[in-house]
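# Architecture at a glance
What follows is each chain in one-letter form.
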Amino acid sequence: MRFLGYFEQICSIPHCSYQAQKLGEFLLEFSKSRGFEAKIDESFNIHAIKGKPKICLQAHYDMVCVGEAPKIELENDGEFLSAKNSTLGADNGIGLAIIMDIMDEVQDLEVLFTSDEEVGLIGANAFAGEICAPALLNLDSEDDNEVIIGCAGGLLAEFRREFEPCELGLGELFSSSVSEHFGTGLLFNEGSHSTSAENSTQNNSNLNADYCESSGHLSTGLLFNESSHSTSAKNSTQNSSNLNANYYELSCEGLEGGHSGMQIAKNIPNAIKELAHFAKNHGANILAISGGDRDNAIPTWAKALVSASSKLQSKGLVKAKKLDLLGAKELFAKLCDDDLKNTIIMKANSADFTKNSKIPMKANSADFARNSRIPMKANSLNDFLLALPHGVLGWDEGLGLPKTSANLAIVRTRLTSKDENARIAFSVQIYARSSSQAELAKLKNSYEAISELAGFKSSFGPSSLPWEPEQSEFATSVLNALQKYRPDAKITAIHAGLECGCLSAKMKQKGKKLVACSIGPNISGAHTINERCEIKSAQIIAQVLRDLLKNSQGA
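Quick caveat, the model's predicted, so the values are computed rather than measured.

## Topic: the packing of helix α10 (residues 271-281) against helix α14 (residues 380-387)
At a minimum axis separation of 9 Å, α10 and α14 run at an interaxial angle of 130 degrees. Taken together, the axis directions place α10 and α14 in an arrangement best described as oblique. α14 is crossed by α10, and the crossing has left-handed handedness. Residues I272, K273, A276, H277, A279 and K280 of α10 form the contact with α14, whose own contacting residues are N382, D383, L385, L386 and A387. For the contact of α10 with α14, the residue count by class is six nonpolar, two polar and three charged.

Below is the structure:
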């Protein structure tokens with residue numbers, strides 16, 4: 001099982017999406033060392049050819065990093081591969097390892113290692129080379145009982161909106177006279193206002209209203225420049241019933257999670273949705289929220305700062321923790337911290353993103369501010385999260401799998417700047433899949449309508465077309481080879497994204513017919529810290545490749 005050694009090497013090289021160049025360089029040098037003519041293109045795809053190949057083996061070399069990844073502590077119990085407290089990266093690292101194993105043996109072979117598949121099939125979409133072999137076998141599937149000949153297309157959407165702090169009822173939370181650790185002073189100006197709250201007695205039932213009305217654009221000098229008004233705070237006599245507002249930390253953590261395509265039909269709880277439903281059911285107003293890790297992973301965690309008029313108690317999957325004012329400020333700061341989670345947010349400079357963006361995506365841009373004027377009312381952010389779809393939206397009876405689905409994937413709270421003009425910005429990402437391009441177009445229309453009604457602005461990032469199922473002699477030969485070890489194996493399609501359709505379409509544009517299908521070993525829990533790969537299954541897939549290549553060379 002030489003491929004296990006290669007997989008261990010792969011795990012030792014960081015290769016999160018957008019950050020996998022070192023692994024790409026390793027694969028390039030490996031290919032050359034095995035006698036392949038290999039090159040890497042501008043999108044970091046590695047294309048290697050040796051002899052006169054009849055089959056091209058293909059896999060992607062980026063991984064979804066969750067937990068402690070890219071640090072991977074590999075565990076092998078003799079039956080399964082797993083990782084301690086992180087994603088394993090068997091999707092698609094085990095495919096890479098099997099191909100490397102085959103490259104040690106086969107003289108006539110073509111190999112394509114693609115980049116950044118997990119964030120929109122970026123490498124495959126940008127591949128400008130020409131595949132020489134007439135057939136392509138992708139190793140990115142996760143069930144050794146299937147030969148895949150079709151997959152869903154995908155649509156990534158992001159929604160953003162900015163608010164003045166007072167629109168969210170945060171005047172009290174940020175008032176300098178309340179505490180020496182106020183608002184963003186905790187984030188940006190700590191230490192410059194240690195005496196600001198001395199001798200103050202606060203008794204003003206309209207603190208929030210006064211705060212908001214003090215300027216047409218909010219008195220953010222009070223928010224971010226406490227040192228400029230410490231004297232006035234010392235002698236203030238503000239009595240405010242709002243100072244006794246009920247602040248809570250809501251958290252929903254440690255959920256099962258899963259691949260947003262492969263596991264979406266299992267009705268796995270979505271941490272963001274669970275938290276939003278709890279807030280709605282208990283009359284809580286979300287002031288800041290963060291949750292989810294990747295657009296293609298069902299969220300396993302979400303955390304929010306909320307205010308409530310009544311006492312909140314933990315229930316079901318959501319825990320509620322009462323906070324004092326200082327605790328609320330500290331939580332707000334943490335939720336706005338860019339380093340809270342190592343999350344890849346949609347890249348604002350990608351061609352597809354900017355081409356489809358209705359507004360500039362710099363959160364503090366003037367255009368953005370001008371387009372976010374719909375008044376905020378209590379719970380409107382929460383209602384927006386509840387209105388966005390999540391789960392299976394349509395079923396394909398013939399294939400027995402989802403036709404259309406959506407994954408409410410990521411929500412973040414950010415401050416737009418570190419000065420007196422700062423606003424609070426919310427961003428939400430959702431990833432949709434469908435085997436029908438028409439259904440994806442309808443979803444896009446629905447997203448735009450929902451976001452406009454809620455005062456958010458929608459933008460659409462990298463997308464992929466559905467790969468329509470196509471039976472071929474090559475798929476039949478792969479099925480026959482697989483059925484030698486898995487007699488019940490069948491030809492089918494999946495509700496996830498694969499690069500086969502994209503690459504086949506590219507070759508068609510060049511006037512070349514490329515047939516494709518996909519197989520892979522049994523992998524469970526992909527895109528979560530519970531990811532596992534069955535070793536025996538990986539052995540079977542490696543042997544199927546040997547059989548196929550032997551037969552193709554003998555033909």
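The structure having been displayed, the exposition proceeds.
## What about unusual backbone geometry?
One can expect most non-glycine residues to show negative phi and most peptide bonds to be in trans. For the peptide bond that leads from A69 to P70, omega is 20 degrees, which places it in the cis range. One can find P70 in the loop between β3 (55-60) and β4 (74-76). The residue after D91, namely N92, is reached through a cis peptide bond having omega 15 degrees. Among the structural elements, N92 can be located in helix α3 (residues 90-103). Here the phi dihedral of Y18 falls at roughly 70 degrees; this positive angle occurs in a residue that is not glycine. For Y18, the location among the structural elements is in the loop between α1 (2-11) and α2 (21-33). At H527, a position not held by glycine, the phi torsion is positive, near 70 degrees. Residue placement: H527 occurs in the loop between β24 (523-524) and β25 (532-534).

## Some details on the sheet that holds β24
The strand order β4-β5-β25-β24 describes an open sheet built from four strands, whose pairing is antiparallel. The sheet is open, and its two borders are formed by β4 and β24, each paired with just one other strand. Of the strand pairs in this sheet, strand β5 (residues 80-83) and β25 are connected by three bridges, and their pairing is antiparallel. Bridge pairing links L81 to C533 in β25.

## What to know about the state of the cysteines
A complete count under the given rule lists one disulfide for this structure. Not part of a disulfide, C151 finds its nearest cysteine sulfur in C500, a span of 7.0 Å.

## Some words on the pairing of strand β1 (residues 37-40)
In this structure, β1 lies alongside strand β2 (residues 46-50), joined through four bridges in antiparallel fashion. From the neighbouring strand, A38 faces β2, where its bridge partner is A48. Between the end of β1 and the start of β2, which pair antiparallel, lie five residues, with F44 showing a positive phi angle near 70 degrees.

## Description of a negative patch on the surface
Among the surface-exposed residues, E68, E73, E75, D77 and E79 lie close enough to one another that they form a single negatively charged patch. Looking at D77, the relative accessible area reads 58%, which means it is exposed.

## Digging into helix α16 (residues 473-483)
The complete set of buried residues in α16 reads F474, A475, V478, L479, A481 and L482. Buried residues along α16 cover an arc of 165 degrees about the axis, so they all sit on one side.

## Quick look at the packing of α2 against α3
Relative orientation of the contacting elements α2 and α3 amounts to 15 degrees, with a least axis distance of 11 Å. Comparing their axes, α3 and α2 come out roughly parallel. Every pair of crossing elements has a handedness; the one defined by α2 and α3 is left-handed. Two secondary-structure elements touch here, α2 through L23, F26, L27, F30 and S31 and α3 through L96, M100 and M103. Class assignment of the residues belonging to the contact of α2 with α3 gives a composition of seven nonpolar, one polar and no charged.

## Details of the nonpolar core
In terms of nonpolar packing, the biggest core is built from 68 residues, with L57, I94, I98, L109, F113, L137 and I519 touching the most fellow members. Non-local contacts of L109, meaning those with residues more than four positions away in its chain, are made with F36, A48, I49, K50, P53, I55, L57, I102, M103 and L549. Counting residues in each nonpolar core, the second largest holds 56 residues, with Y247, A279, F384 and V411 among its members.

## Section: the environment of L479
For L479, the location among the structural elements is in helix α16. C-alpha of L479 to C-alpha of K490: the two residues are 11 residues apart in sequence and 6.9 Å apart in space. Ignoring sequence-local partners within four residues, the contact set of L479 consists of V147, A489, K490 and I491.

What counts and what doesn't
- Residues numbered from 1 in each chain as written.
- Predicted model: local features only at pLDDT ≥ 70, side-chain atom pairs only at ≥ 80, totals over all residues.
- Heavy atoms only, no water.
- Axes fitted to C-alpha atoms, helices over the stretch in contact; angles between N-to-C directions.
- Helix = DSSP H or I, 4+ residues; strand = E, 2+ residues; numbered from the N terminus.
- Parallel < 35°, antiparallel > 145°, perpendicular 65-115°, else oblique.
- Left-handed = near helix turned anticlockwise from the far one by under 90°.
- Contact = heavy atoms within 4.5 Å.
- Nonpolar A, V, L, I, M, F, W, Y, C, P; charged D, E, K, R; others polar.
- Pairing = 2+ DSSP bridges.
- Disulfide = S-S within 2.5 Å.
- Patch = residues over 30% accessible without salt bridge, like charges linked within 9 Å, V, L, I, M, F, W, Y side chains within 5 Å.
- Areas by Shrake-Rupley, 256 points an atom, 1.4 Å probe, with all protein chains shown as cover.
- Salt bridge = Lys/Arg side-chain N within 4 Å of Asp/Glu carboxyl O.
- Lys, Arg positive; Asp, Glu negative; His and termini not counted.
- Charge placed at Lys NZ, Arg CZ, Asp CG, Glu CD.
- Buried < 20%, exposed > 50% of the residue type's maximum accessible area, 1.4 Å probe, protein only.
- Arc of directions from axis to C-beta.
- Core = buried A, V, L, I, M, F, W, Y, C linked by side-chain atoms within 4.5 Å.

Shape is all these values report; function is a separate question.
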